[in-house]
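Architecture at a glance
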Amino acid sequence: MADTARDPPPDRTDFHEVEDGEDLFPEPSAAPESQPASLSAVDISTNSNGPKQDSFFDDDNEDLFAEATEEVSLDSPERDVLLSDGPSPAITPITPPTSVITPRIGHQHDDMFTHSSFDEIEEEEGGDSFDINISVSDPEKIGDGMNAYMAYKVTTKTSMSLFKQRDFSVKRRFSDFLGLHGKLASKYLHIGYIVPPAPEKSIVGMTKVKVGKEDQSSNEFVEKRRSALERYLMRTVKHPILLKDPDVLQFLESTELPRAVNTQALSSAGILRMVNKAADAVNKMTIKMNESDAWFEEKQQHFENLDVQLKKLHASVESLVCHRKELSVNTAQFAKSAAMLGNSEDHTALSRALSQLAEVEEKIDQLHQDQANADLYLFSELLGDYVRLISAVKGVFDQRMKTWQKWQDSQMLLQKKREAEAKLQFTNKPDKLQQAKDEIKELEGKVQQGERDFEQISKTIRREVSRFEKERVKDFKMIIVKYLESLVQTQQQLIKYWEAFLPEAKAIS
Amino acid sequence: MMQEEVNEATSVLSVYGHTIKVTEALQDGDTLTFIIVSQKLSGTGEYHVDRTYDDFEWLQQHLYAQEDVPGIQGVIFPPLPMRPQANASAKVMKQLGFLGLGEWQPYCKALETFLRQVAAHCILSKNKAMEVFLTSIDPPGRQKVKRNIFNRLSQAVGELRKEGHKDVDEFFQTERDHNLVLTGHARTAAEKFLDVALTEQKIAVACGHFAAALQICVENGDDPEKRAFSRVCAKLSEVFDSIKKNMMSVAVNDMNTLGLGLDLDWRYQEAEREMLFRRTCKLVELENARKNAERAKPVKKSAMEEVKKAAEGEFEQICKVAKQEIVKLNQERVGTVQKSLTQWCEQQLQTAKEGADIFNQHLQAFKAMA
């Protein structure tokens, strides 16, 4: 196995503490939900009973991890056990399911899941510079009626050696994107990586498209979604670690993608909800984290503020977009009335001038529409993206708190075990004593691991936050430059229209 | 005292009509006063007077009350803008149209246009009331002038059915039909354009809100990333402030030029409609007089003939004046529309150029930001 050379991988099933006698990998029938990572191994067979209905029941997301969340807010099973005098639970080191680990791509970076190698990956600048561009295009409706779905073409252009080709496309549907996000979230969120959220599901929007309603709002919906999917993919590959994830590579390159099952559970909103629920549970615990690091406290506050500010900005832009659309409607109506006035005029020059007025106004109407679209796609969507991203960031902070909690729990457990061992010294039960000593040794290892995990996630988060902030500035700047360019263009077009109309106006006599 | 003077004499205006300006509107509590400036014909300077809306109404009523002037009913009276009201009801707002937008500049311009039109009218400018209005330091008397037949069309509900009365003259019948259609379209065009200007104002306000919301995102701090993002927000806030100013400019241009122009056009069509209605009423009166004269018993016959002759004379006068007025209006309309379209285009072109400049500056500044 490729994983022999590494340190024991981090405890990955955070949401499910191992109980006495419980198998880490129970039968699928019992609780398949507790191994989010293994889904990718299970979902090979495509659902042959027809297209999946992945847009309904948007709120069924909690099901997948409902059990898990409960368990976190709990009394840790170890505590239960301690209260009784029975044997301590056997905590077996957890190895991630092999299917996830085995790199699909044979070359570099087999040991992707050791923390130290993550560092290596990030620092390794040599070889490929970041050169990849992904576009999502050609939305195509497949099927009919309520079983229909939209397929999108995902085109990757790159010179990076990570990929087999330089220019290639695949066809993907929305649930594929959600599936990708689900996999990434389950692998990386809990170790502190900010995984970009996938676009939101929309029952209303999708239903209109399915039913075949070909109007402006459903076209707008498809365009919005296409654009959002593109941004999502670009954000994901911009992350140096995520770019190299085999699931990402498979998503971009593989012609056939195994269907993601339970995508209602895997929607990013669902995942984030689950993560945040876990976070709430953490907060409910009586032990409050002693934040020794002011940086984290400050950053958390900062993101809270940012969340509020972005939501305000988003609302502001939406109102602006609304008015622009209204202006477009009003301008069109005025153009009509000017045309009617022109038609009822006897005087030819006047009539012609008024007709031209109508034409100018119609052209201006089109400009207003385009400007409204610019406002919409650029700012509104960007702000919406960031509101969701902030959720992911907050989730990551909460993961750190959970990691700290686990570490503390191990420490407390160790302490209790030591006390118990001390007591055992005075009894004449050599086997029990030995068992206790063994357990203590294991626990010491666990405590050390917990501390390492905590330090690692703290380190990762600092790096991620720094990267996030830099990306944020870049993102905003880029969008603003695009917006300004469109503004300037609109103005120049307006100038052309006015310059063309002026001589006509002057010529009326 | 002033009343009698005015009703007797006619005069020649002592100012250049085309120099009349309504320069400002001053609000003092509930009272709204307009400053009116005009150049003396003698070349020795200007007249500065202050007038309230009541004074304007006084003037209008005096113009209407010139019963001695032959054919006065055939005159298309320059429309006086409606009384400005604070907190006007929606219905009043709609009727005020552009003039109810709360910006005084268009309103002053509309009053100015009214005065200039009166001064330029060969019959109306001779009325002494106009001279008094423009030159007297004291405000004209505020007594109510007796009611006359120049009450608005809309008030003469009972008379309205006369409006459809068939005409004896093809020229006038055509003009009446045409006017009816034009009035409707002109009104709609003015209203729709008002909607456009209002929405432009809304957009400007929304941009202002966005700029303010961005300012809130600007934070102090040593953190280089925080500073970078704050800079971006601050600059974007400036951008949206510029967009707001540009939009306001566009809206103001709309209101001051084409908006006023469409508004005036519509009101003139209404004024013409009222004139045509007066003439039609006279026609009905004349036809009745003719019938009466025909059917009159020998005793009354000569009296009825007198009445008939008088009515015929009056009607003839009205038709003569009316025809002149209609021709004049149709000619002037072209010029007025041309002027307002040209001014509108010029101002919007100017604003667009300024906008392009400023946005381009912002764009370069953003690109240069490391």
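Scope of this entry: the structure provided in the associated data block. (Residues numbered from 1 in each chain as written. Chains lettered and ligands numbered in written order. Predicted model: local features only at pLDDT ≥ 70, side-chain atom pairs only at ≥ 80, totals over all residues. Heavy atoms only, no water.)

1. Section: the overall build of chain A
Across its full length, chain A holds 15 helices and three strands. The buried share of chain A, taken over its 509 residues, is 54%. Put simply, of all contacts in chain A between residues at least 6 apart along the chain, 79% involve residues at least 24 apart. Of the roughly 23700 Å² of accessible surface on chain A, a fraction of 52% belongs to carbon and sulfur atoms. (Helix = DSSP H or I, 4+ residues; strand = E, 2+ residues; numbered from the N terminus. Buried < 20%, exposed > 50% of the residue type's maximum accessible area, 1.4 Å probe, protein only. Contact = heavy atoms within 4.5 Å. Areas by Shrake-Rupley, 256 points an atom, 1.4 Å probe, with all protein chains shown as cover.)

2. Concerning the overall build of chain B
Scanning chain B from terminus to terminus reveals eight helices and three strands. Listing every helix and strand of chain B by position from the N terminus yields α-β-β-β-α-α-α-α-α-α-α. By residue count, 51% of the 370 residues in chain B fall in the buried class. Contacts spanning at least 24 positions in sequence make up 75% of the contacts within chain B whose residues lie at least 6 apart. A total accessible area of about 18000 Å² is found for chain B, and carbon and sulfur atoms account for 52% of it.

3. Quick look at the sheet that holds strand 1 (residues 21-28) of chain B
All names here are of chain B. Strand order in the open sheet formed by three strands is 1-2-3, with antiparallel pairing between adjacent strands. Strand pairing shows two members of the sheet lacking a second neighbour, strand 1 and strand 3 (46-51), which therefore form its edges. The mean inter-strand angle of the sheet, taken between neighbouring strand axes irrespective of direction, is 20 degrees. As paired elements, strand 2 (residues 31-39) and strand 3 share six bridges and run antiparallel to each other. Paired with Ile 36 across the strands is Val 49, a residue of strand 3. Strand contacts of helix 5 (residues 128-135): strand 2 and strand 3, with the helix running at about 95 degrees to strand 3, the strand carrying the most contacts. (Pairing = 2+ DSSP bridges. Axes fitted to C-alpha atoms, helices over the stretch in contact; angles between N-to-C directions.)

4. Observations regarding the pattern of salt bridges
All told, the structure shown has 43 salt bridges over all chains when counted by the stated rule. Among the ionic pairs, Glu345(A) bridges to Arg333(B), the shortest N-O distance being 2.5 Å. One end of the pair, Glu345(A), is in the loop between helix 13 (294-343) and helix 14 (348-425); the other, Arg333(B), is in helix 8 (residues 298-368), on a second chain. The same class applies to Glu345(A) and to Arg333(B), which are both buried. Here the salt bridges do not stand alone but share partners, grouping Arg231(A), Arg235(A), Glu381(A), Asp385(A), Arg388(A) and Asp475(A) into one network. (Salt bridge = Lys/Arg side-chain N within 4 Å of Asp/Glu carboxyl O.)

5. Examining the environment of Phe177(A)
All names here are of chain A. One can find Phe 177 in helix 6 (residues 174-188). Phe 177 sits 69 residues away from Pro 246 along the chain, and the two C-alpha atoms are 14 Å apart. If we skip the residues at most four places from it in the chain, Phe 177 touches Val 154, Arg 172, Ala 198, Leu 229, Tyr 232, Leu 233 and Phe 251.

6. Things to note about helix 2 (residues 53-64) of chain B
Residue and element names in this part refer to chain B. If you check helix 2, its first and last C-alpha atoms are 17 Å apart, about what 12 residues at 1.5 Å a residue would give, namely 16 Å. Counting buried residues along helix 2, nine of its 12 residues qualify, which places the element largely inside the surrounding structure. Here helix 2 has its buried residues at Tyr 53, Asp 55, Phe 56, Trp 58, Leu 59, Gln 60, His 62, Leu 63 and Tyr 64. (Expected span 1.5 Å × (residues − 1).)

7. What to know about the packing of helix 13 of chain A against helix 7 (residues 224-295) of chain B
Between helix 13 of chain A and helix 7 of chain B, whose axes approach to 14 Å, the crossing angle comes to 20 degrees. Taken together, the axes of helix 13 of chain A and helix 7 of chain B are roughly parallel relative to one another. Judged by the sense of rotation from one axis to the other, the crossing of helix 13 of chain A with helix 7 of chain B is left-handed. Residues Glu298(A), His302(A), Leu306(A), Leu320(A), Arg324(A), Leu327(A) and Phe334(A) of helix 13 of chain A pack against Lys226(B), Phe229(B), Phe240(B), Ile243(B), Met247(B), Leu258(B) and Leu262(B) of helix 7 of chain B. For the contact of helix 13 of chain A with helix 7 of chain B, the residue count by class is 10 nonpolar, one polar and three charged. (Parallel < 35°, antiparallel > 145°, perpendicular 65-115°, else oblique. Left-handed = near helix turned anticlockwise from the far one by under 90°. Nonpolar A, V, L, I, M, F, W, Y, C, P; charged D, E, K, R; others polar.)

8. What to know about the environment of Phe171(B)
All names here are of chain B. Within the fold, Phe 171 resides in helix 6 (residues 170-216). Residue Phe 171 is classed as partly exposed on the basis of its relative accessible area of 28%. Taking the C-alpha atoms as reference points, Phe 171 and Lys 323, 152 residues apart in sequence, are found 8.8 Å from one another. In this structure, Phe 171 is in contact with Lys 323 and Ile 326, ignoring residues within four places of it in sequence.

Shape descriptors only; they carry no functional weight alone.
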